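# A structural walkthrough
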Amino acid sequence: MVFKKMLSAFGVGGPSVDTVLTNPNTRPGLTLDGQVNLVGGDAEAAIEQVVIGLVTRVEVEGHDTEYAGTMEFHRMAVSGSLVLAPKQQLSIPFQLPVPWETPITDVYGQRLHGMTMGLRTELAIARAVDKSDLDQVAVHPLPVHERILEAFQRLGFRFKHADLERGHIRGVQQTLPFYQEIEFFASPQYASTIREVELTFVTSQRGVEVILECDKRGGFLSAGHDAFGRYQVAHTDADRVDWAQVVDGWLRETTSRYGSLRSQYGPSHGHGHSRGHGMGGMVAGAALGVAGGMIAGEVIEDAFEGDFGDFGGDE
């Protein structure tokens with residue numbers, strides 16, 4: 001009997017949790033619907049709460065290092081305390097709002113190389129090992145995101161990689177503790193001035209703030225440097241403009257800006273992740289707090305490495 005109690009304390013013969021999503025595909029500003037299915041173990045179990053949360057991989061830059069960790073950035077309790085009888089089956093339905101700033105993981109049904117996203121379910125059990133379950137989630141672009149990404153494709157840019165950088169972009173209203181960078185190789189028509197472009201969307205209910213970072217080629221007498229542009233677009237503009245023309249205008253305006261941010265601010269963090277608005281600022285890398293009462297997601301060092309499987313392809 002004592003042995004059985006000890007096993008139960010380590011989760012053997014304890015309750016199990018399995019979350020089933022109605023549809024793992026969603027978009028920023030929509031919801032993820034599903035149910036958490038609990039099955040009682042060998043003994044009665046006191047459950048303190050059932051919590052679901054969105055988790056993703058985030059790049060974190062230190063003084064001289066850069067590493068990736070798993071971060072939970074949005075969470076919601078789906079149940080308070082309850083007692084689960086032996087072998088009892090219980091289903092708890094939920095509807096989780098997806099934050100507007102949630103990064104895009106899939107475009108045209110293809111996972112963006114470098115992106116991961118999952119819904120983690122935690123079962124907090126009194127005086128025992130917590131149980132968890134992880135389900136893959138796909139976040140698709142909103143119409144305005146899709147049109148801008150299409151425009152880059154129409155202009156001949158080739159997708160390179162996407163990742164999430166921990167930190168805030170100065171002067172931009174962010175609610176999450178990271179921002180997404182979608183990187184492209186420059187197309188031939190821009191190759192004389194640009195090597196690569198990094199595109200960031202900071203989305204809200206009203207629209208999208210688009211931040212461009214162009215890696216400019218050096219000229220005969222000048223060194224290469226990063227040029228920055230910031231543009232506001234409304235969700236309602238999605239089908240109103242010729243996006244290839246708009247993006248081309250943004251790129252030409254951004255690359256024609258004079259001077260180098262680095263000459264003003266010193267070297268960028270890591271490899272070119274300074275950001276700003278023209279000459280106006282760069283990423284406040286140290287400002288890691290989260291505005292608006294959101295969860296300040298802690299980086300959980302590789303805690304869920306195994307659960308992610310093949311998310312995001314080979315790194």
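My aim in this report is to walk through the structure given alongside it, one point at a time. Counting starts from 1 at the beginning of each chain's written sequence and moves along it residue by residue. Side-chain atom pairs in this predicted model are given and counted only at pLDDT of 80 or more, local residue features only at pLDDT of at least 70, and totals for whole chains, interfaces and linings cover all residues. Note that the side-chain values use all heavy atoms of the structure and ignore hydrogens as well as water.

This brings us to the overall build of the protein chain. Only DSSP runs of H or I reaching four residues or more are called helices, and only runs of E reaching two or more are called strands; each is numbered from the N terminus. Across its full length, the protein chain holds four helices and 20 strands. Partly exposed residues are those whose accessible area sits between 20% and 50% of the maximum for their type, while under 20% is buried and over 50% is exposed, using a 1.4 Å probe and protein chains only. The buried share among the 315 residues of the protein chain stands at 49%. Split by element, the accessible area of the protein chain, about 15100 Å² in all, is 52% carbon and sulfur. For the accessible areas, the method is Shrake-Rupley and the probe is 1.4 Å, while residue cover comes only from the protein chains on display.

What follows is about the pairing of strand 16 (residues 194-203). Across the 10 residues that make up strand 16, a large majority, nine, are buried. Sheet analysis places strand 15 (residues 178-185) next to strand 16, joined by four bridges and oriented antiparallel. Bridged to Ile-182 within strand 16 is Leu-199. When DSSP locates at least two bridges between a pair of strands, those strands are taken to pair.

As for its position among the elements, Glu-209 is in strand 17 (residues 207-216). Judged by relative accessible area, which is 11%, Glu-209 ranks as buried. Polar contact is defined as a pair of N or O atoms within 3.5 Å, subject to the rule that within protein one atom must be able to donate a hydrogen and the other to accept it, and that residues adjacent in sequence are counted only when both atoms are side-chain atoms. Reaching out from Glu-209, the side chain makes a polar contact with the side chain of Arg-230 at a distance of 2.7 Å. A polar contact of 3.4 Å, which involves the side chain of Glu-209, links it to the side chain of Gln-232. Each residue touching Glu-209, except ones within four places of it in the same chain, is listed here: Val-172, Thr-200, Phe-201, Val-202, Arg-230, Tyr-231 and Gln-232. Contacts were defined at the residue level, with two residues in contact if any of their heavy atoms lie within 4.5 Å.

Right, let's get into the packing of aromatic side chains. Centres within 6.5 Å make a pair out of two Phe, Tyr or Trp rings, where for Trp the six-membered ring is used; the pair is then stacked when the planes are under 30 degrees apart, edge-to-face when over 60, and tilted otherwise. Tallied over the entire structure, the rule returns eight aromatic pairs. An angle of 5° between the planes, with centres 4.8 Å apart, marks the rings of Phe-152 and Phe-184 as stacked. Highlighted residues: Phe-152 in helix 2 (residues 143-154) and Phe-184 in strand 15, separated in sequence by 32 residues. For the pair Phe-152 and Phe-184, a shared accessibility class is recorded, and that class is buried. Measuring from centroid to centroid gives 6.2 Å for Trp-243 and Trp-250, while their planes differ by 65°, and the two rings are edge-to-face. A single burial state applies to Trp-243 and to Trp-250, both of which are buried. Ring-pair connections join several aromatic residues into one group, and the members of that group are Phe-152, Phe-157, Phe-159, Phe-184 and Tyr-190.

Between Lys or Arg on one side and Asp or Glu on the other, a salt bridge is scored when a side-chain nitrogen of the former is within 4 Å of a carboxyl oxygen of the latter. Counted by the stated rule, this structure contains 14 salt bridges. Here Lys-87 and Asp-42 are joined by a salt bridge, their closest N and O atoms 3.1 Å apart. Pair noted here: Lys-87 is in the loop between strand 6 (82-84) and strand 7 (89-97) and Asp-42 is in the loop between strand 3 (31-39) and strand 4 (45-61), with a separation of 45 residues, a long-range link. Relative accessible area serves as the criterion here: at 41%, Asp-42 is assigned to the partly exposed category.

Now for helix 3 (residues 243-256). Between the first and last residue of a helix there are one fewer steps than residues, each counted as 1.5 Å, and that sum is the expected span. Across its 14 residues, helix 3 extends 20 Å between first and last C-alpha, which sits within 8% of the 20 Å expected from 1.5 Å per residue. Of all the residues in helix 3, the buried ones are Trp-243, Ala-244, Val-247, Asp-248, Trp-250, Leu-251, Thr-254 and Thr-255. Down the axis of helix 3, the buried set is contained in an arc of 160°. They therefore lie on one face. In helix 3, those exposed residues whose orientation departs by more than 90 degrees from the buried face are Gln-245 and Ser-256. For helix 3, the side-chain oxygen to backbone nitrogen distance between the N-cap and Ala-244 is 3.2 Å, and the N-cap itself is Asp-242. When we speak of the arc, we mean the arc of directions from the helix axis to the C-beta atoms.

A separate point is the sheet that holds strand 1 (residues 16-21). Strand order in this open sheet of three strands is 1-3-7, and the pairing throughout is antiparallel. Only two strands of the sheet have a single neighbouring strand rather than two, namely strand 1 and strand 7. When the angles between neighbouring strand axes are averaged without regard to direction, this sheet yields 25°. Where strand 1 lies against strand 3, six bridges are found, and the strand directions are antiparallel. Bridged to Ser-16 within strand 3 is Val-39. Lines fitted to C-alpha atoms define the axes here, with helix axes fitted over just the stretch in contact, and angles between the N-to-C directions of these axes take values from 0 to 180 degrees.

We now examine the environment of Glu-72. Mapped onto the elements of the fold, Glu-72 is located in strand 5 (residues 66-79). Taking the C-alpha atoms as reference, Glu-72 lies 4.1 Å from Val-55; in sequence the two are 17 residues apart. Polar contacts involving the side chain of Glu-72 include one to the side chain of Arg-75, which spans 2.5 Å. Among the polar contacts made by the side chain of Glu-72, one reaches the side chain of Arg-120 at a distance of 3.2 Å.

Here we come to the nonpolar core. A general tendency of soluble globular proteins is for nonpolar side chains to be buried together. Nine residue types can take part in a nonpolar core, namely buried Ala, Val, Leu, Ile, Met, Phe, Trp, Tyr and Cys, and a core is a set of them joined through side-chain atoms within 4.5 Å. Ile-148, Phe-152, Leu-199 and Leu-251 are the most contacted members of the largest nonpolar core, which has 60 residues in total. If we ignore the near neighbours within four places in the chain, the residues touching Leu-199 are Ile-148, Leu-149, Phe-152, Gln-180, Glu-181, Ile-182, Phe-184, Val-210, Ile-211 and Leu-212.

Here we take up helix 2. It helps to recall that an α-helix has 3.6 residues per turn; residues three or four apart then point in one direction. A rise of 1.5 Å per residue sets the reference length of helix 2, with its 12 residues, at 16 Å; its end C-alpha atoms lie 16 Å apart and thus fit the reference within 8%. Of the positions making up helix 2, those classed as buried are Val-144, His-145, Glu-146, Ile-148, Leu-149, Ala-151 and Phe-152.

A word on the pairing of strand 11 (residues 131-136). Of the strand pairs in this sheet, strand 10 (residues 118-125) and strand 11 are connected by six bridges, and their pairing is antiparallel. Of the residues in strand 11, the one forming a bridge with Leu-123 is Lys-131. The antiparallel hairpin formed by strand 10 and strand 11 contains five residues in its connecting segment, where Arg-127 sits at a positive phi of about 55°.

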